Structure formats: structure tokens, C-alpha cells
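# A look at the structure
Residue-level listing of the chains:
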Amino acid sequence: MDRDFPRNSLEKKGFRLVFNDDFDQVSLDLSKWLPFYLPQWSSRENAKANYRIENSELKLMISANQQPWCPELDGNIKVSNLQTGVYSGSLGSKFGQHRFSEHCIVKEEQTPERLFTPQYGYFEIRVKGLATPENVCAFWMIGFEDQPERSAEICPFELKGWNVKEDTCTLGYGIRAFSDPSIQDEFFEREFKYDPTNYHIYGFDWSKDGVSFFLDHQLIHQSKQSPSYPMQMMLNIYEIPRENSDETTVKQYPYEFSIDYIRAYERIK
């Protein structure tokens with residue numbers, strides 16, 4: 001029977017801790033996190049995160065009365081997101097992080113903020129996801145994108161609730177290129193025998209030589225590709241309405257994505 005995978009100690013041989021959030025504070029540490037989702041394409045007010053901190057856990061939430069973050073471009077999708085940086089071009093321009101649609105233009109210009117934008121290191125997160133069919137939970141890195149081609153993504157954890165079965169789940173992980181011509185898409189959805197609604201550890205080791213992906217310390221993929229610029233962390237839960245869903249099913253709000261800790265280390269030279 002699958003159980004919670006235990007926490008790691010803070011020490012990691014060969015590495016130095018450079019970022020750690022154990023969510024021990026009563027409120028979110030705003031020196032580490034911006035509680036908005038890509039606000040340049042919508043607004044900070046429309047894209048603000050819904051969350052709480054309880055018993056040293058962060059709960060990213062989707063509530064019943066929460067509104068879609070960017071209905072003109074992303075339909076009825078709701079999201080609660082934390083990110084460690086933000087960048088956009090000027091109002092009305094096409095420049096900004098994670099331009100998910102060709103119709104994106106800057107609706108609210110953002111002052112660039114780099115709270116934590118590392119290049120290379122080891123990153124890990126201990127979380128428990130959801131098996132609800134309209135929810136996606138994810139932890140990923142994106143290029144700061146102060147130059148449009150610096151836009152690749154490293155994703156160790158993308159869990160679609162509809163892919164969780166009785167004793168297995170299909171986990172998404174890998175690298176996406178977006179507008180980076182030096183990167184090729186190398187993203188996988190692979191079935192693993194474990195229960196992601198318990199606590200598990202997802203990690204990746206990013207160096208100039210490539211990216212290695214881990215699930216509960218087990219290597220699951222090794223890539224020879226490596227984005228060669230600073231990236232920021234993204235942490236979120238989505239509600240994505242699905243076609244042909246059972247309209248008679250009563251939704252059990254709030255949906256909660258539970259995060260125990262997030263850590264980042266730099267390699268000791």
C-alpha cells in the first residue's frame with residue numbers, strides 16, 4: 001500500500017542550500033513568492049492566488065466562487081499560482097513570460113522582479129496532488145524571458161487528476177522548448193505505480209550538461225538538453241473544465257494542492 005514518502009534532511013552532499021520554504025510562517029513569505037499567475041496577460045487582481053498556510057503546509061486552493069484568471073484567452077480555467085519572478089514588456093506589447101497564446105498582449109505592465117531566478121542546481125518539492133478529474137497540479141521552471149528565446153520550461157511534476165487510477169498514475173515531466181530554438185520538446189507522460197495523492201518527493205538536477213529527473217529519489221529520465229539562462233519557479237493548481245464531464249457530479253470545493261516544502265541547492269564547486 002502506498003504511503004507518504006518521508007521528508008529529506010536539509011543537508012545534501014555536494015550541494016549548498018540556497019532556497020528553502022517549509023511554510024512555517026503564519027503568512028506567505030513575499031520575499032520569496034509573488035502570489036499571481038502571469039499577471040501581465042490579465043492583471044494582478046484577476047490572477048491572484050487563493051491559498052492558506054496551516055500546520056507548516058501550503059494549501060493552494062480553487063474555491064467555488066473563484067473566477068477564471070483570463071477568460072478572454074483561457075476560457076473558464078481557474079488557477080492559483082505562486083512564482084518567484086515576473087517580467088513583461090510595455091503595455092500593449094507582445095513581450096512577457098510564458099506567452100501561451102498568439103493573442104496575448106500585455107494588459108498590465110509589470111515591474112521586473114527577480115525574487116529567485118537561479119541558473120543550474122538541484123531542486124526538490126514534497127507534495128501531495130489531487131485525483132479530481134478537473135484539476136491539474138504542477139511544479140515547473142520557466143525562463144525569466146527578458147529575451148523572448150529564453151523561454152524553455154523544466155517540469156518535474158505535472159499531475160492531471162483524470163490520470164490517477166486505483167494503483168497507478170500517469171505523471172508528466174520533462175522539458176518544453178516554447179520559443180527557445182536551442183531546445184527540442186522532450187516531455188513525457190508515463191505511468192508509475194504509486195499514489196500521488198499521498199506525499200511524494202519530485203526533484204531534478206539541472207547542470208550545463210543536462211537535466212536529470214527524480215521521483216522519490218529514483219532516476220526516471222536523464223536529458224542531455226539544458227536551458228542556459230536563469231529560470232524562475234512556478235507552483236500551481238488549475239481547474240480545467242472538461243468536455244463530456246458528468247454534470248450530475250457535485251464538485252467538492254475547495255480543491256487543495258498540499259505542499260510540504262520546496263528547496264533549491266547550488267552545486268559546491
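Keep in mind it's a predicted model, so treat the numbers as computed, not measured. Sequence positions are assigned chain by chain, starting from 1 and proceeding in written order. With pLDDT at 70 or above as the cut-off, local features in this predicted model cover only qualifying residues; side-chain atom pairs require 80 or more to be listed or tallied, and sums for whole chains, interfaces and linings still use all residues. Computation of side-chain values covers all heavy atoms of the structure but excludes hydrogens and water.

## Considering the nonpolar core
- We define a nonpolar core as any set of buried Ala, Val, Leu, Ile, Met, Phe, Trp, Tyr and Cys residues linked to one another through side-chain atoms lying within 4.5 Å. For the exposure calls, accessible area comes from a 1.4 Å probe over protein chains only, and a residue counts as buried if that area is under 20% of its type's maximum, exposed if over 50%, partly exposed in between. Judged by nonpolar contacts, the single largest core of 47 residues is most densely connected at Phe157, Phe204, Met233, Leu235, Phe257, Ile259 and Ile262.
- To qualify as a helix, a DSSP run of H or I must reach at least 4 residues; to qualify as a strand, a run of E must reach at least 2; elements of each kind are numbered from the N terminus. The element that contributes the greatest number of residues to this core is strand 16 (residues 255-267), accounting for five residues.
- Here, residues are in contact when the closest pair of their heavy atoms is within 4.5 Å. Once you skip the residues sitting within four places of it in the chain, Phe257 turns out to touch Leu58, Lys59, Leu60, Val127, Lys128, Gly129, Cys137, Ala138, Phe157, Leu235, Asn236 and Ile237.

## A look at the sheet that holds strand 11 (residues 186-192)
- The sheet built from six strands is open, its strands ordered 4-15-8-9-10-11 with antiparallel pairing. Every other strand in the sheet has two partners, leaving strand 4 (78-83) and strand 11 as the edge strands with one partner each. Neighbour-to-neighbour, the strand axes of the sheet open up by a mean angle of 20°, direction not taken into account.
- Strand direction decides the pairing type here: strand 8 (residues 135-143) and strand 9 (residues 153-164), joined by six bridges, are antiparallel. Of the residues in strand 9, the one forming a bridge with Ile142 is Glu153. Strands qualify as paired when DSSP identifies two bridges or more between them. Axis lines are fitted through C-alpha atoms, for helices just across the contact stretch, and the angle between N-to-C directions can take any value from 0 to 180 degrees.

## Examining the environment of Gly203
- Turning to its location among the elements, Gly203 is positioned in strand 12 (residues 200-207).
- Put simply, Gly203 and Lys251 are 48 residues apart on the chain and 31 Å apart in space, counted from C-alpha to C-alpha.
- When sequence neighbours within four positions are dropped, the list of residues in contact with Gly203 reads Tyr122, Phe123, Glu124, Pro156, Ser212, Phe213 and Phe214.

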